[in-house]
Amino acid sequence: MMQTGEFEDLKKNPEFMMELANKEEKAVKAKDIVGMYDVLDTSVMLDLSSERLDRIYTEILQTVFDRLAEKLSAQEFFDIGDKRDLYTMRGIYEHGIERYSDNDFKGAKEIFLILHHTANDETISKAMMPHIAAAASQMKFDDFIDELVDVDNPNQSETYGFFLTNFKPSVEGFMKEKSEVLQGALNELETLKK
């Protein structure tokens, strides 16, 4: 693990910073979602300006939703084994979490529904169910985290580490209690699919 001083040294290294800028430019031009996330993650670790982070994140979101539109029109699923698909799902999910934490319950619910439907992966698809139920019932994001997510036991795998997939036992009672709300949300999805 790098130390804070090492990050500062990298920030002051003009060759490294030029290389990072070139990598960003290439990734954006190629619409390389994995490359863009690599630049974003590095930029976050280096604590670069929020303007720069926002610019990269905006490019990521645009690319992610372009890829989502392609998948939906081709009626294809995201394959979690494909790194481009995994990082596209990461982008969609992070946007959903961002919406949810901003109390945009409807927007968050729709994004979680899309992930539930388009992920060709049982773990992700299943993990979206509590997300959908919580957003559809307008449960505050902090309450969702505190009451349902097993924060002491996060999924550490390289594949699922970007998503909240581990829940507390209390999620079962919550899902039973919110079954009608969840069913209503899933019915909306069925209507959209037609």
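Use the structure listed above.
Parameters at a glance
- Residues numbered from 1 in each chain as written.
- Predicted model: local features only at pLDDT ≥ 70, side-chain atom pairs only at ≥ 80, totals over all residues.
- Heavy atoms only, no water.
- Helix = DSSP H or I, 4+ residues; strand = E, 2+ residues; numbered from the N terminus.
- Rg over C-alpha atoms; globule rule 2.2 N^0.38 Å.
- Buried < 20%, exposed > 50% of the residue type's maximum accessible area, 1.4 Å probe, protein only.
- Contact = heavy atoms within 4.5 Å.
- Areas by Shrake-Rupley, 256 points an atom, 1.4 Å probe, with all protein chains shown as cover.
- Lys, Arg positive; Asp, Glu negative; His and termini not counted.
- Charge placed at Lys NZ, Arg CZ, Asp CG, Glu CD.
- Axes fitted to C-alpha atoms, helices over the stretch in contact; angles between N-to-C directions.
- Parallel < 35°, antiparallel > 145°, perpendicular 65-115°, else oblique.
- Left-handed = near helix turned anticlockwise from the far one by under 90°.
- Nonpolar A, V, L, I, M, F, W, Y, C, P; charged D, E, K, R; others polar.
- Salt bridge = Lys/Arg side-chain N within 4 Å of Asp/Glu carboxyl O.
- Phe/Tyr/Trp six-rings, centres within 6.5 Å; stacked < 30°, edge-to-face > 60°.

Engineer: Any details on the overall build of the chain? Residues and values, ideally.
Structural biologist: Of regular secondary structure, the chain possesses 10 helices and zero strands. Secondary structure elements in the chain, listed N-terminal to C-terminal, are α-α-α-α-α-α-α-α-α-α. Here the C-alpha radius of gyration of the chain, 18 Å, is about what a compact globule of 194 residues would show, namely 16 Å. Projected onto its principal axes, the C-alpha positions of the chain cover 55 × 40 × 30 Å. Relative to its 194 residues, the chain shows a buried fraction of 44%. Sequence separation of 24 or more characterises 58% of the internal contacts of the chain that already satisfy a separation of 6 or more. For the chain, the accessible surface area stands at approximately 11,100 Å², while carbon and sulfur atoms represent 49% of it. In the chain, 23 positive and 39 negative side-chain charges are present, and the distance between their average locations comes to 4 Å.

Engineer: Requested: an account of the packing of helix α3 (residues 33-45) against helix α4 (residues 50-74), with residues and values cited.
Structural biologist: Between two packed helices, what matters for the description is the angle formed by their axes and the separation of those axes. With their axes 10 Å apart at the nearest point, α3 and α4 run at an angle of 155 degrees to one another. Classified by the interaxial angle, the pair formed by α3 and α4 is roughly antiparallel. Read as a crossing pair, α3 and α4 show a hand that is left-handed. Contacts between α3 and α4 pair I33, M36, Y37, V39, L40, S43 and V44 from the former with R52, L53, I56, Y57, E59, I60, T63 and V64 from the latter. Residues belonging to the contact of α3 with α4 are distributed by class as follows: 11 nonpolar, two polar and two charged.

Engineer: Hey, could you go over the pattern of salt bridges for me, with residue numbers and the actual values?
Structural biologist: Within this structure, the stated rule accounts for 13 salt bridges. With a shortest N-O distance of 2.3 Å, K23 and D38 are connected by a salt bridge. One end of the pair, K23, is in helix α2 (residues 14-30); the other, D38, is in helix α3, with 15 residues separating them in the sequence. Residue D38 is classed as partly exposed on the basis of its relative accessible area of 33%. With a closest N to O distance of 2.8 Å, E94 and R90 form a salt bridge. With E94 and R90 both in helix α5 (residues 83-101) and four residues apart, the pair spans about one turn of that helix. A relative accessible area of 7% means that R90 is categorised as buried. Through salt bridges with shared partners, a single ionic network connects R67, K71, E76 and D85.

Engineer: Quick rundown of the packing of aromatic side chains? Include the residues and the values.
Structural biologist: A ring pair, where both rings are aromatic, is described by two values, the distance of the centres and the angle of the planes. Enumeration over the complete set of coordinates arrives at 11 aromatic pairs. With a centroid separation of 6.1 Å and an interplanar angle of 70 degrees, the aromatic rings of Y100 and F105 are classed as edge-to-face. The pair formed by Y100 and F105 is uniform in burial state, with each residue classed as buried. Among the aromatic residues, those joined into a cluster by ring pairs are Y37, Y87, Y93, Y100, F105, F112, F141, F144, F162, F163 and F167.

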